[in-house]
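As a plain string of letters, each chain reads:
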Amino acid sequence: ELSHTNPRDSIICQSIVDPPMTIKGRKFSLRIYVIYFPPCKQNGIPAEVHLSSLGLVKLASAVYDGETAITKTASIGDQYMTNSGRGDGRSSDQHDLEYLRATFEINGLDYDEMWGKIKYAVRTVMREFLELKNDQSDHSAQRNYQP
């Protein structure tokens, strides 16, 4: 049950791209969902990782002028944020990934190449995550070992 999920098991992986790619002059971020099923050692079922083809494209509320938010005051810099959950009434535009695919096609960009790079990044992060989980499990077993 999700209500029993340990918050320390949640991970957000993101990277800032400079210079940013823009859509209609506005910075954007992608929300891509990755589902992780831990292994079931009792049944010999390995861990599974699934990448959802459903996601969000979140556009900033203002056109990006080439300056970073660090060079502006916080109130002006916030206009480049793509977080629609700020709760301050300045919601960013949200679209699905089909919108991004269509935008890429209109601008002569290869959506499938970009999606392949996302899959590679997810594979890399999840490999590291699983190694970290295994290391933590090994250390925990060592701490609990009573000769």
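It should be emphasised that the depicted structure is a prediction, and the values quoted were computed from it without experimental measurement.

Topic: a nonpolar patch on the surface
Taken together, the side chains of Tyr 33, Ile 35 and Phe 37 make up a nonpolar region of the molecular surface, amounting to roughly 270 Å² of accessible area. Mapped onto the elements, Ile 35 comes out in strand S2 (residues 26–37). You can call Ile 35 partly exposed: its relative accessible area is 37%.

A closer look at unusual backbone geometry
The phi torsion at Lys 24 lies on the positive side, around 55 degrees, for a residue other than glycine. A relative accessible area of 71% places Lys 24 in the exposed class.

Some points on the pattern of salt bridges
This structure, assessed with the given rule, holds three salt bridges. The salt bridge partner of Arg 101 is Asp 112, with a shortest N-O separation of 3.4 Å. With Arg 101 in helix H2 (residues 97–106) and Asp 112 in helix H3 (residues 111–144), this pair connects stretches of sequence that are eleven residues apart. Between Glu 113 and Lys 117 there is a salt bridge; the shortest N-O distance is 3.4 Å. On the criterion of helical spacing, the pair formed by Glu 113 and Lys 117 is a turn pair, its members being four residues apart in helix H3.

How each quantity is defined
- Residues numbered from 1 in each chain as written.
- Predicted model: local features only at pLDDT ≥ 70, side-chain atom pairs only at ≥ 80, totals over all residues.
- Heavy atoms only, no water.
- Patch = residues over 30% accessible without salt bridge, like charges linked within 9 Å, V, L, I, M, F, W, Y side chains within 5 Å.
- Areas by Shrake-Rupley, 256 points an atom, 1.4 Å probe, with all protein chains shown as cover.
- Salt bridge = Lys/Arg side-chain N within 4 Å of Asp/Glu carboxyl O.
- Helix = DSSP H or I, 4+ residues; strand = E, 2+ residues; numbered from the N terminus.
- Buried < 20%, exposed > 50% of the residue type's maximum accessible area, 1.4 Å probe, protein only.

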